[in-house]
Amino acid sequence: MSDRHSTESIREELTHRDNLSLTARIAENPEPFVWWAVPMFVLLAVEFATWGGILVGMLDALVIGVTGLIDIVVGFVSPGLAQIVTDFQAGVVGMLRSVGGTLGELPTLFSREVIPNQGHQTPNGAWQGTFLGLQPAVAWALRFSLIMAYALFTAYWAFRGWLVYRDHYRESDWTPTDDIVNNLRGHRWGQFGIIVLVVFLTMATFGSALAPSTVSQNIQSPYSDESQIQYLTEEGTVETVFAGDANFDSKSKGAVDTNVGVMTYDDYGRFHPFGTLPNGRDLFTFMMGGARITMIVSGMAITGAAVVAMTLSMLSAYYSGSLDLGILTVADGVVSVPQLLLLIMMSAVFANTWLGAVLDGGFLLALIFAFTTWPFLWRAVRGPALQVAQEDWVRAAESYGQRPRNIMQKHMLPYVLGYLLVYASMSVGGIIISLSALSFLGNGLGISPPTPAWGRAISAGQSYVSSPSWHISLIPGLMIVLLVTGMNALGDGIRDAIDPEVETGDGEEAAAGGGA
Amino acid sequence: MSNAVEQSPPTEESEVLVEVEGLKKYYGGDGMFADPPVKAVDGVSFEIKRGETVGLVGESGCGKSTLGRTMLALENATEGSIRYDGTDITTLSGKDLKEWRKNAQMVFQDPESSLNDRMTVGEIIREPLDAHDWKTMNDRRERVLDLLSAVGLPDKHYFRYPHQFSGGQRQRIGIARALALEPDFLVLDEPVSALDVSVQAKIISLLEDLQEEFNLTYLLIAHDLSVVRYISDRVAVMYLGKIMEMGEAEELFADASNPYTQSLLSAIPEPDPTKTSRRITLSGTPPSPSDAPAGCNLSTRCPAKIKPESYADLDEDLWEGIEQFREVVRERARIALSTGDRVRRRFDRFDRFDDIEESRADTFDGIEVPERVDEEIQTAVKMVKRGRPTEAQEHLYEEFASVCDDEQPEMYEVSASGRYSYCHRHADEYEDVDPVLTRRADSD
Ligand code: SF4
């Protein structure tokens with residue numbers, strides 16, 4: 001692949017084409033791209049409604065959040081303008097929601113409609129309503145495994161896309177990124193982190209299809225007509241009952257006869273992979289809902305903190321001096337505010353406002369966590385940023401009059417980004433734990449009920465830890481540990497990958513002759 | 001490539017491109033409680049003619065790199081002016097400054113640090129063009145390829161990363177980038193000192209070729225005198241923020257006037273064995289740039305220092321001994337005392353500097369010290385022993401200071417070719433440098 005360009009053609013390519021665009025290069029040699037793109041298209045198409053839903057959901061939250069903030073700011077100046085903003089918000093959100101609704105009605109391949117796991121036994125022992133008449137446990141396990149496999153494979157295929165680009169369409173034979181990726185490919189611990197991240201993202205994205213029960217049966221409207229289920233009674237007849245009533249009889253309350261444990265059926269023929277909660281609801285379904293809100297809030301918080309830390313570290317490293325000192329002072333100030341106090345105060349202040357309602361209080365939490373986390377990230381990357389600001393290439397860029405903004409973006413940021421990723425993935429664990437701790441404390445803190453939050457499950461199971469219902473606290477606890485460990489592993493992996501100490505030296509071999 | 005370069009009309013010999021006057025660059029020192037400023041460049045004036053190469057030499061820390069950067073407006077001058085083609089660039093800012101930057105570029109010392117590893121060679125060389133919105137994208141790419149071939153690199157390197165190149169190749173890339181905007185003036189900051197010896201010669205000859213091809217003017221900053229001698233038309237010698245001597249390269253190397261230049265040159269082995277070379281060493285270490293002497297910069301170390309009038313008849317060895325001893329005391333004065341030492345000093349229990357006695361004995365070993373000198377020395381020794389080296393320093397200054405300690409010399413023209421030297425000894429009332437140095441060398 002090293003001689004994609006013959007020497008004579010380079011000049012021609014560079015100067016006689018309007019642009020060396022990627023599309024031009026693909027058109028020249030479409031085969032590898034097609035071999036990658038068609039499967040990728042299929043992969044996305046079979047779950048189009050899910051991906052689309054995620055996108056619309058994120059846009060929705062973004063629009064509400066941003067317009068809301070603008071609304072507040074404008075509100076100080078002119079209530080009339082604020083009203084316009086509010087109207088705009090309502091319009092856009094309404095549109096997004098209707099798109100989301102349409103998307104929701106589209107079929108997906110791995111949905112509970114295609115592979116149902118809820119059904120009832122007939123008096124002769126066969127199962128009705130489940131996929132191919134399989135037992136609910138098997139049907140659920142099948143759907144769960146298929147979705148996980150699909151998600152992991154899609155993630156891999158996306159990475160394949162980069163490989164195809166690298167091998168067939170990239171102009172450089174080698175880039176510094178290659179080393180990082182190669183290092184990561186030999187880093188088992190880091191890969192474990194990546195897999196954990198993908199698995200939890202999958203739970204957040206496909207949560208409702210992964211769960212054995214539905215959110216409506218489990219939480220929202222267990223007594224509505226759609227939430228009726230059928231089951232085989234002990235007398236051998238098939239009866240219909242509200243999910244709420246069935247939940248009432250499936251409580252895990254610590255005693256042997258009031259407990260639905262891990263990987264068991266309740267009296268209504270419903271399978272509970274993680275058992276039930278003290279109120280009889282399915283813990284697995286609850287956990288999936290919790291995964292979604294946890295990933296969204298901690299993701300938003302760490303992204304926000306990282307963006308702030310990155311911007312400020314660039315500014316403080318490039319301009320240094322009093323600007324650096326000013327940021328240092330502000331950061332110290334922020335750090336000195338007790339986080340819990342701030343959370344309690346903010347939750348109380350915004351409890352009944354629209355801001356407290358976005359994402360069931362998650363948006364506000366994400367803002368607060370971003371606010372309290374950026375100083376740590378900033379401090380962690382300030383050192384590397386100051387160091388890169390001393391490099392001669394920064395002086396060189398100044399000497400030919402490059403704009404400070406470009407200098408920071410092109411000559412400093414790429415060197416700091418790796419460190420930022422490392423520290424961000426290490427710090428996100430703290431946010432996840434704090435978030436769960438808030439829900440654990442309850443009392444208006446954390447994610448507002450009934451939206452599932454992991455901490456609330458731990459809190460609910462607290463009194464049953466040493467009873468047959470131990471699963472209620474233990475499983476959410478283990479999930480948190482797994483996610484936090486995974487994120488740390490990811491951070492370790494990236495750190496080792498960008499660490500120049502472990503460079504493979506391939507670059508040296510690629511060095512070509514010519515000149516001195 | 002060559003067809004793209006127009007032959008520029010022959011320029012006037014004497015046309016001045018850069019004119020530096022009274023330039024000062026101080027760091028820090030502002031604010032009421034700040035330490036004294038670091039005087040990196042402390043009042044230098046010189047000219048660079050169009051098309052010539054001026055070598056700027058000196059030990060590390062003498063301010064030559066700061067001078068280079070200030071001349072490119074990468075540092076704000078504290079005082080003085082830099083006229084480039086008639087424009088005072090110290091007054092430029094914003095758009096005008098950016099526009100001016102096209103004229104003058106820099107080649108850096110460390111090829112590892114001067115190229116951004118995350119960009120391809122093509123992007124690196126093209127960036128100055130991008131920053132100035134130079135013509136069209138296609139033109140820029142073509143220009144980059146022209147530059148690559150001008151510095152002797154093949155086209156295929158366009159898409160490679162700096163990481164894939166050797167130090168010499170990286171330096172070529174740095175040079176190509178510096179040339180991108182067609183500058184007239186290049187500051188070469190130790191352009192070869194980080195390279196292998198075998199590669200140095202190639203880069204030097206490349207720089208010479210490029211100078212001819214593009215009619216460039218160079219300011220070559222270096223501490224390697226052989227490189228400077230080889231490529232420079234004129235040379236400026238810098239010490240502690242001041243230019244000590246400046247003139248035609250060959251003449252300066254063959255017949256230096258300033259004591260500092262002489263000591264610098266005496267350190268290089270004489271290629272011609274028939275010439276007897278005398279080794280002139282400077283005593284002690286250079287003072288910090290924030291603590292430069294009030295008189296001549298070299299006065300704390302000068303081998304040709306003028307004696308004070310009242311001691312004009314002192315024996316050379318004794319005079320040298322006194323100067324050495326003053327340096328010893330100065331070094332003591334530079335040592336920061338711990339709190340414990342200060343308390344001990346307060347109660348006359350201080351003994352950390354008791355070895356000053358030994359130093360004195362060593363310094364004046366085998367030299368006859370007349371009583372009036374010995375008295376002063378002994379007073380100073382006592383002061384140092386009590387933990388007051390600064391007082392001792394002042395005492396010695398008062399007793400033994402000469403015009404070199406008190407007054408800054410002028411720039412004296414020392415040759416018909418327009419060579420200047422910064423030393424009192426060129427004034428009529430003092431004996432010139434050479435006989436003094438010869439006498440001292442003989443007496444050793
Ligand atoms: S002025 Fe005095 S100290 Fe300075 S170089 Fe001349 S003789 Fe030496």
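What counts as what
- The residue count restarts for each chain, going from 1 along the sequence in the order it is written.
- The lettering of chains begins at A and the numbering of ligands begins at 1, in the order of writing.
- For a predicted model such as this one, the threshold for reporting local features is a pLDDT of at least 70, and the threshold for listing and counting side-chain atom pairs is 80 or more; totals across whole chains, interfaces and linings nevertheless cover every residue.
- As a rule here, side-chain values come from all non-hydrogen atoms in the structure, and water together with hydrogens is ignored.
- UniProt positions are given in the numbering used here, feature names are shortened, and annotations may be inferred rather than shown by experiment.
- Whether two strands pair comes down to DSSP finding at least two bridges between them.
- Numbering of helices and strands starts at the N terminus; helices are DSSP runs of H or I of at least 4 residues and strands are runs of E of at least 2.
- Each axis is a line fitted through C-alpha atoms, and for a helix only the stretch in contact is used; angles between axes span 0 to 180 degrees, taken between their N-to-C directions.
- Contacts: residue pairs with any heavy atoms within 4.5 Å of one another.
- Exposure classes here rest on a 1.4 Å probe applied to the protein chains alone. A residue is buried below 20% of its type maximum, exposed above 50%, and partly exposed in between.
- Note that the arc is computed from the directions linking the helix axis to the C-beta atoms.
- Residue types Ala, Val, Leu, Ile, Met, Phe, Trp, Tyr and Cys, when buried and joined through side-chain atoms within 4.5 Å, form a set referred to as a nonpolar core.
- By definition, the buried area sums, over both parts, the 1.4 Å-probe accessible area that each loses when the two are put together.
- By definition, a salt bridge exists where a carboxyl oxygen of Asp or Glu is found within 4 Å of a side-chain nitrogen of Lys or Arg.
- Here a polar contact is taken to be a pair of N or O atoms separated by no more than 3.5 Å, where protein atoms must pair a possible hydrogen donor with a possible acceptor and residues adjacent in sequence count only if both atoms sit in side chains.
- For this scheme, ten residues count as nonpolar: Ala, Val, Leu, Ile, Met, Phe, Trp, Tyr, Cys and Pro. Four count as charged, namely Asp, Glu, Lys and Arg, and the remainder, Gly too, count as polar.
- Reported domain spans reflect what an automatic or database domain assignment gives.
- The patch calculation keeps residues exceeding 30% relative accessible area without a salt bridge and links them within 9 Å when they carry like charges or within 5 Å when they are nonpolar (Val, Leu, Ile, Met, Phe, Trp, Tyr).
- The Shrake-Rupley method, run with a 1.4 Å probe sphere, supplies the accessible areas, and residue values consider only the shown protein chains as cover.
- Under the counting rule used here, the positive set is Lys and Arg, the negative set is Asp and Glu, and His together with the chain ends is not counted.
- A charged residue contributes its charge at one atom only: NZ of Lys, CZ of Arg, CG of Asp or CD of Glu.

With an unreviewed UniProt entry as reference, chain B is termed Peptide ABC transporter ATPase, source organism Halorubrum distributum JCM 9100. Per UniProt, chain B has the following entry under Sequence similarities (unreviewed entry): "Belongs to the ABC transporter superfamily."

Going by the annotation in an unreviewed UniProt entry, the name recorded for chain A is Binding-protein-dependent transporters inner membrane component, with Halorubrum distributum JCM 10118 given as the source organism. As recorded by UniProt, the Sequence similarities (unreviewed entry) comment attached to chain A reads in full: "Belongs to the binding-protein-dependent transport system permease family." Among the UniProt annotations of chain A, the heading Subcellular location (unreviewed entry) holds the following wording: "Cell membrane".

Student: Looking at this structure, how should I read the sheet that holds strand β12 (residues 420-422) of chain B?
Tutor: In a beta sheet, neighbouring strands pair by backbone hydrogen bonds and run either parallel or antiparallel. Residue and element names in this part refer to chain B. The mixed open sheet is built from eight strands, whose spatial order is β6-β7-β8-β3-β9-β10-β12-β11. The open sheet has two edge strands with one neighbour each: β6 (104-107) and β11 (411-413). Adjacent strand axes in the sheet meet at a mean angle of 20 degrees, parallel and antiparallel pairs treated alike. The strands that helix α6 (residues 167-179) touches are β6 and β7 (185-189); relative to β6, the one it contacts most, it runs at about 175 degrees.

Student: Explanation requested: helix α18 (residues 454-461) of chain A in the structure shown.
Tutor: All names here are of chain A. Listing the buried residues of α18 in full gives Trp 454, Gly 455, Ala 457, Ile 458 and Gly 461. End-on, the buried residues of α18 take up no more than an arc of 160 degrees, which puts them together on one face. Summarising the contacts, the buried residues of α18 are in contact with α8 (188-210), α11 (283-319), α17 (404-441) and α19 (471-498).

Student: What's the story with the nonpolar core in this structure? I'm lost.
Tutor: Note on soluble globular proteins: their nonpolar side chains tend to be buried together. Of all hydrophobic cores here, the largest spans 176 residues; its most connected members are A:Met203, A:Met412, B:Ile175 and B:Leu210. With residues near it in sequence (within four places) discarded, A:Met412 still touches A:Met314, A:Ala317, A:Tyr318, A:Ala385, A:Val388, A:Ala389, A:Val394 and A:Ile407. In this structure, B:Leu17, B:Leu23, B:Leu74 and B:Leu97 belong to the second largest nonpolar core, which totals 34 residues.

Student: Help me understand the interface of chain A and chain B in this model?
Tutor: In many reports, interface size means the accessible area that the parts give up when they come together. In this assembly, 41 residues from chain A lie in contact with 45 residues from chain B. A combined buried area of about 4,000 Å² lies between chain A and chain B, and 54% of that area is made up of carbon and sulfur atoms. Two residues, B:Glu127 and A:Lys410, come together in a salt bridge whose shortest N-O distance is 3.6 Å. There are 16 residue pairs in polar contact (both at pLDDT 80 or more) connecting chain A and chain B. Only α1 (7-15), α16 (392-399), α17 and α20 (506-510) of chain A provide two or more residues apiece to the side of chain A that touches chain B. Considering only residue class, the side of chain A that touches chain B consists of 14 nonpolar, 14 polar and 13 charged.

Student: Looking at this structure, how should I read the domain arrangement of chain A?
Tutor: All names here are of chain A. Under the domain assignment used here, chain A contains domain 1 (215-281) and domain 2 (284-498). In total, about 1,400 Å² of surface goes out of reach between domain 1 and domain 2, with carbon and sulfur atoms giving 74% of it. Interface area lost by domain 1 to domain 2 is led by Ile 219, Phe 274 and Leu 277, which between them contribute 40%. In this structure, the connection of domain 1 to domain 2 is made through zero salt bridges. At the junction of domain 1 and domain 2, the tally comes to four residue pairs in polar contact (both at pLDDT 80 or more).

Student: Explain the pairing of strand β10 (residues 242-248) of chain B to me, please; I cannot follow it from the model alone.
Tutor: Residue and element names in this part refer to chain B. Of all seven residues in β10, six are buried; the element is thus mostly enclosed. What sits between the antiparallel neighbours strand β9 (residues 234-239) and β10 is a turn of two residues, in which Leu 240 has the positive phi angle 50 degrees. As defined by bridge partners, β10 adjoins β12 across two bridges and the pair is classed as antiparallel. Its bridge partner lying in β12, Glu 245 is registered against Ser 421.

Student: Can you help me understand a negative patch on the surface in this one?
Tutor: Taken together, the side chains of A:Glu234, A:Glu235, A:Glu239, A:Asp245, A:Asp249 and A:Asp267 make up a negatively charged region of the molecular surface. As for its position among the elements, A:Asp245 is in helix α10 (residues 243-248).

Student: Is there a simple way to think about the sheet that holds strand β2 (residues 38-49) of chain B in this case?
Tutor: Residues and elements named next belong to chain B. Here four strands make up an open sheet; going across it, the order is β2-β1-β4-β5 and the pairing antiparallel. Lying at the two open borders of the sheet, with one neighbouring strand each, are β2 and β5 (87-88). Pairing of strand β1 (residues 16-27) with β2, which is carried by nine bridges, proceeds in the antiparallel orientation. Within β2, the residue paired with Tyr 26 across the bridge is Lys 39.

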